Amino acid sequence: MKIIIAGAGSVGYHLAKLLSRENQDITIIDSDDDVLDFVRDKLDVMTISGNATSLNVMEEAEVGSADLFIAVTTSEDTNMLTAILAKQKGAKKTIARVANNEFLAIKQKEYFSKIGIDTLISPTRLAALEIKRLIKRASLTDSYDFEEGRLSIVGFSIDALSNLIGKTVAEINHGNSAFNYRGVAILRDHQTLIPRGSTHLRKGDHLYLSLKTKDIDQAMPFLGKQSKKIKNVMIIGDTPLTLRTAEMLQDLYNVSVLMPNKNVGKKFLKTLNNCLVSIGDPSNKEFLESEGIERMDAFVALTPNSEINILTSLLAEESGVYKTIALVNNDVYTHISQNIGVDTIINKKIIAANNIFRFVRKGKIEAIATLHGVDAEIIEFKITGEGRLTQLPLGELNLPHTCIVAGIIRGRTTLIPGGDFIMHVGDKVIIFVLPEAIKTVEEIFK
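Heads up: these notes are all about the structure in this document. Remember, it's a predicted structure, so these values are computed and weren't measured experimentally. (Residues numbered from 1 in each chain as written. Predicted model: local features only at pLDDT ≥ 70, side-chain atom pairs only at ≥ 80, totals over all residues. Heavy atoms only, no water.)

### Points about the overall build of the chain
Across its full length, the chain carries 17 helices and 22 strands. Relative to the globule expectation of 22 Å for 446 residues, the C-alpha radius of gyration of the chain, 23 Å, shows essentially globular dimensions. Counting only C-alpha atoms, the chain reaches 65 × 65 × 40 Å along its principal axes. For the chain, the residues scored as buried account for 54% of the 446 residues in total. Residue pairs at least 24 apart in sequence account for 62% of intrachain contacts in the chain once pairs closer than 6 positions are excluded. If you sum the accessible surface of the chain, you get close to 19700 Å²; carbon and sulfur atoms cover 47% of it. Counting 52 positive and 54 negative side-chain charges, the chain places the averaged centre of each group 5 Å from the other. (Helix = DSSP H or I, 4+ residues; strand = E, 2+ residues; numbered from the N terminus. Rg over C-alpha atoms; globule rule 2.2 N^0.38 Å. Buried < 20%, exposed > 50% of the residue type's maximum accessible area, 1.4 Å probe, protein only. Contact = heavy atoms within 4.5 Å. Areas by Shrake-Rupley, 256 points an atom, 1.4 Å probe, with all protein chains shown as cover. Lys, Arg positive; Asp, Glu negative; His and termini not counted. Charge placed at Lys NZ, Arg CZ, Asp CG, Glu CD.)

### Observations concerning the pattern of salt bridges
What the rule picks out here adds up to 11 salt bridges. The salt bridge involving glutamate 59 is made with lysine 89; its shortest N-O contact spans 3.8 Å. Pair noted here: glutamate 59 is in helix H3 (residues 55–60) and lysine 89 is in helix H4 (residues 76–89), with a separation of 30 residues, a long-range link. Lysine 89 gets classed as partly exposed once you look at its relative accessible area, which sits at 36%. (Salt bridge = Lys/Arg side-chain N within 4 Å of Asp/Glu carboxyl O.)

### Digging into the packing of aromatic side chains
Counted under the stated rule, the structure contains 5 aromatic pairs. Arranged with centres 5.4 Å apart and planes meeting at 50°, the rings of tyrosine 13 and phenylalanine 38 form a pair that is tilted. Of this pair, tyrosine 13 sits in helix H1 (residues 10–20) while phenylalanine 38 sits in helix H2 (residues 33–42), and the two are 25 residues apart along the sequence. Ring geometry for phenylalanine 381 and phenylalanine 445: centres 4.8 Å apart, planes at 20°, overall stacked. Note that phenylalanine 381 is positioned in strand E19 (residues 377–382) and phenylalanine 445 in the segment after helix H17 (438–444), a separation of 64 residues in sequence. A relative accessible area of 0% places phenylalanine 381 in the buried class. Classification of phenylalanine 445 as buried rests on a relative accessible area of 3%. Feature note: the residues Phe103, Tyr111 and Phe112 constitute an aromatic cluster, connected by ring pairs. (Phe/Tyr/Trp six-rings, centres within 6.5 Å; stacked < 30°, edge-to-face > 60°.)

### Considerations on the side chain of threonine 414
Of note, threonine 414 is situated in strand E21 (residues 413–415). For threonine 414, a relative accessible area of 8% puts it in the buried group. Separated by 3.3 Å, the side chain of threonine 414 and the backbone oxygen of arginine 150 make a polar contact. Those residues in contact with threonine 414, other than ones at most four positions away along the chain, are Arg150, Leu151, Lys212, Ile408 and Ile409. (Polar contact = N/O pair within 3.5 Å; in protein donor to acceptor, adjacent residues only side chain to side chain.)

### Focus on the environment of isoleucine 29
Mapped onto the elements, isoleucine 29 comes out in strand E2 (residues 25–30). Isoleucine 29 sits in the buried class, given a relative accessible area of 2%.

### Some words on unusual backbone geometry
Backbone geometry places glutamate 62, a non-glycine residue, at a positive phi of 55°. Position of glutamate 62 relative to the elements: it lies in the loop between H3 and strand E4 (68–71).

### Here we look at the sheet that holds strand E16 (residues 323–327)
The sheet built from 6 strands is open, its strands ordered E14-E13-E12-E15-E16-E17 with parallel pairing. At either end of the open sheet lies a strand with only one pairing partner, and these are strand E14 (275–279) and strand E17 (344–346). Sheet twist, expressed as the average angle between the axes of neighbouring strands with direction ignored, equals 15°. As paired elements, strand E12 (residues 232–236) and strand E15 (residues 298–301) share 4 bridges and run parallel to each other. Paired with isoleucine 235 across the strands is valine 300, a residue of E15. Of the strands in this sheet, E12, strand E13 (254–259), E14 and E16 touch helix H9 (residues 240–249), which is tilted by about 165° from E12. (Pairing = 2+ DSSP bridges. Axes fitted to C-alpha atoms, helices over the stretch in contact; angles between N-to-C directions.)

### A short note on the sheet that holds strand E1 (residues 2–6)
The strand order across the open sheet formed by 6 strands is E3-E2-E1-E4-E5-E6, and the pairing between neighbours is parallel. Edge positions in the sheet fall to strand E3 (46–49) and strand E6 (119–121), since each has one partner strand and no second. Ignoring which end each strand starts from, the neighbouring axes of this sheet average 15° apart. Of the pairings in the sheet, the one linking E2 to E3 comprises 4 bridges and is parallel in character. Across the sheet, residue isoleucine 28 finds its bridge partner in E3, namely threonine 47. Relative to the sheet, H1 contacts E1, E2, E4 and strand E5 (94–97), its axis offset from that of E1 by approximately 160°. The strands that H2 touches are E2 and E3; relative to E3, the one it contacts most, it runs at about 175°.

### A word on the packing of helix H6 (residues 123–136) against helix H15 (residues 348–357)
Close contact between H6 and H15 brings their axes to 9 Å; oriented N to C, the two are set at 105°. On the basis of the axis angle, H6 is roughly perpendicular to H15. Along its contact with H6, which presents Pro123, Thr124, Leu126, Ala127 and Glu130, the element H15 presents Lys348, Ile351, Ala352 and Asn355. Classifying every residue of the contact of H6 with H15 by side-chain character gives 5 nonpolar, 2 polar and 2 charged. (Parallel < 35°, antiparallel > 145°, perpendicular 65-115°, else oblique. Nonpolar A, V, L, I, M, F, W, Y, C, P; charged D, E, K, R; others polar.)

### Overview of the pairing of E1
With 5 of 5 residues buried, E1 lies mostly within the body of the structure. Residues Lys2, Ile4 and Ala6 line one face of E1 and the alternating positions Ile3 and Ile5 line the opposite face, and both faces are buried. Looking at chain direction, E1 and E2 are connected through 5 bridges and run parallel. Among the inter-strand pairings, isoleucine 4 is bridged to a residue of E2, identified as threonine 27. As paired elements, E1 and E4 share 4 bridges and run parallel to each other.

### Details of the pairing of strand E8 (residues 151–157)
In terms of burial, E8 is a largely internal element, 6 of the 7 residues being buried. Here 5 bridges tie strand E7 (residues 142–146) to E8, and the two strands are oriented antiparallel to one another. Its bridge partner being in E8, phenylalanine 146 is matched across the sheet by leucine 151. Relative to strand E11 (residues 206–212), E8 runs antiparallel, the two being bridged by 7 bridges.

Structure representation (structure tokens):
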């Protein structure tokens, strides 16, 4: 597949990094030569220096033969214009990154599709939705739903008081009969492991389970967690993501927004109708305490400074806040979240890149997801015909050892399969897979 990416910033670079694993024909356009030098040093891709809106640059990139044109520069206008031009030049599919929420309305999306933009992506909206989901299930560090919430993959940390420490995966699998689940991954010392029956759980492990969504509350005591109901949420920052998140949460919780800029605060109040907005330095401990941080159930740090977000989240933890979420710009932080004391770290540009990534996958793929800090993918395939997949039990299919079937959706029924399970035509199969096995798994389910 020939893919052209306009914009070599954080979203464009991370997307190119993901695509480079697929051996796709990738071209990146950017007007910043220093940024392109960095890309060339890190990735095996073609780069073109210039303005993506230039017709000469588009011709040099051979945009007319592109299977996919992705515009993810920091300029919304540039992204929309280049996507339209690329479509007119012959690109088969176009994606544009936007910031204006009005463009995401159904009627607007239909209009943009007519003029040449097939898909609009908003990193801000995607990140806000992620935060909303994380607060809804505050006892978990990660939670991803499949098939309208029939099956979930959830993540949680094994702390010093957990009864799971020292037990093998086989022992915990056989030690519970109230609900069905399956261990699909362990994040340990920055390494992603596929758990086997003999794998011992350790303090500090980050364990991911697949289970029926309806069983999550029932699973909490077994996991050593409580089902905490969130009432009071404090958000710090004055960014568009702060505003979008507060909008989504204001009718669900008691939301306080803290920011340093009075003028921005006034603008926020024109949009927010059910939030308390306070002006002050959100990195100042005394200010946070004066605004009642100790009374909060959740704390969300969304300032432009990653270090401030992490440090204030740690302060919130010390103040007794149950759930903390910190926005970071550096993906290095994303991989160390389980070791620094913050419940969940998010990176909105990685969220956006992962969302775009699904448009280039092969096979009978229904959905794709990634978990923060986990070097793996969750892929949902659909069984469309009779064959080896429907004739042999899972244990005899010789699937790679670096993947695990997390669950099966059969009609309205959710199944957690064992090795003797046989799949049927029409089944939707949810698989957790490490990068080195992705191509093999896709070929098997093609």
